[in-house]
Amino acid sequence: MPPKPTCHLIHPESTYEGKQGLSYFAGIAAETVGSSGICMHLLTMPPGARAKAHMHENHETAIYVLSGEVHTWYGDRLEHHIVVKAGDLFYIPAGVPHLPANLSGAPSSAVIARTDPNEQESVVLLPELDALVA
């Protein structure tokens, strides 16, 4: 008989390296609390940080920017561009290629929630798109 589900408190102190090339603070995920439908992490992008072009094949992403700003290119050829600033919420549907970058001189922090409890399971790197963003 599996153990009965219970509540968990996470102190986001440890980090892990995501396939996207960024360092995430460990948070709510199947790996940390046994979640089955959601994950939530903190991400701080230092000045000049840039992710690899990627998409989340099977899950949606919701981002709330706590501080700073991040430029994000998205679309099949990264043809769209948006600047997401502190206080903004940003939604990325499943299967949409994107590439975030912190072009400012200050760190940017965000809470990231996804509908896949396994943080890296459906991350698909798209190296053919990396050069499209200077």
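Going by what an unreviewed UniProt entry lists, the protein chain is known as Cupin domain-containing protein and is assigned to Mesorhizobium album.

This part is about the overall build of the protein chain. Helix and strand content of the protein chain: two helices and 11 strands. Along the protein chain, helices and strands appear, N-terminal first, in the series β-β-α-β-β-β-β-β-β-β-β-β-α. In terms of overall dimensions, the protein chain is globule-like: its C-alpha atoms have a radius of gyration of 15 Å, near the 14 Å expected for 134 residues. With the C-alpha coordinates aligned to their principal axes, the bounding extent of the protein chain is approximately 55 × 30 × 25 Å. Burial analysis of the protein chain (134 residues in total) assigns 39% to the buried set. When contacts within the protein chain are restricted to residue pairs at least 6 apart in sequence, those whose partners lie at least 24 apart make up 70%. In the structure as shown, the protein chain presents an accessible area of about 7,300 Å², 60% of it carried by carbon and sulfur atoms. Separation between the mean location of the 7 positive side-chain charges and that of the 14 negative ones in the protein chain comes to 2 Å.

Glancing now at the pairing of strand β7 (residues 80-85). Inspection of the sheet shows strand β6 (residues 69-74) paired to β7 by six bridges, in the antiparallel sense. If you follow H71 over to β7, its bridge partner there is V83. Counted along the chain from β6 to the antiparallel partner β7, the turn is five residues long, and its residue G75 has a positive phi close to 115°.

Our next topic: the pairing of strand β5 (residues 61-67). With four bridges joining them, β5 and strand β8 (residues 89-92) adopt antiparallel strand pairing. If you follow T61 over to β8, its bridge partner there is I92. The pairing of β5 with strand β10 (residues 108-114) spans six bridges and is antiparallel. The partner of Y64 across the bridge, within β10, is V111.

A word on unusual backbone geometry. Positive phi is not limited to glycine here, since L78 has a value of about 55°. Inspection of the secondary structure puts L78 in the loop between β6 and β7. On the accessibility criterion, L78 (5% relative accessible area) is buried.

With respect to the helices and strands, N102 occurs in the loop between β9 (98-101) and β10. In this structure, the C-alpha to C-alpha distance between N102 and E79, residues 23 residues apart in sequence, is 18 Å. The contacts of N102, once residues within four sequence positions are left out, are M45, P46, P47, G48, A49, E69, P107 and S108. Within the local environment of N102, its side chain forms a polar contact with the side chain of S104, the two groups lying 2.8 Å apart.

About the cut-offs
- Along every chain, residues carry numbers that run from 1 in the direction the sequence is written.
- Totals for whole chains, interfaces and linings use all residues, but because this is a predicted model, local features are given only for residues with pLDDT of at least 70 and pairs of side-chain atoms are given and counted only at 80 or more.
- The basis for every side-chain value is the complete set of non-hydrogen atoms in the structure, without hydrogens or water.
- Where helices and strands are cited, they refer to DSSP runs of H or I of at least four residues and of E of at least two residues respectively, numbered from the N terminus.
- Atoms counted for the radius of gyration: C-alpha only. Globule rule: 2.2 Å times the number of residues to the power 0.38.
- For every residue, the accessible area obtained with a 1.4 Å probe (protein chains only) is divided by the maximum for its type, and the residue is called buried under 20%, exposed over 50%, and partly exposed between those limits.
- Residue contacts follow a heavy-atom distance rule, with two residues in contact if any of their heavy atoms lie within 4.5 Å.
- All accessible areas in this document rest on Shrake-Rupley with a 1.4 Å probe, and a residue is counted as covered only by the protein chains that are shown.
- The charged-residue count follows a simple rule in which Lys and Arg add positive charge and Asp and Glu add negative charge, with His and chain termini not counted at all.
- Charge positions come from single atoms, namely NZ of Lys, CZ of Arg, CG of Asp or CD of Glu.
- The rule for pairing is simple: two strands pair if DSSP sees at least two bridges between them.
- Within 3.5 Å is the distance limit for a polar contact, defined as a pair of N or O atoms, with the added protein rule that one can donate a hydrogen and the other accept it, and that residues adjacent in sequence qualify only through two side-chain atoms.

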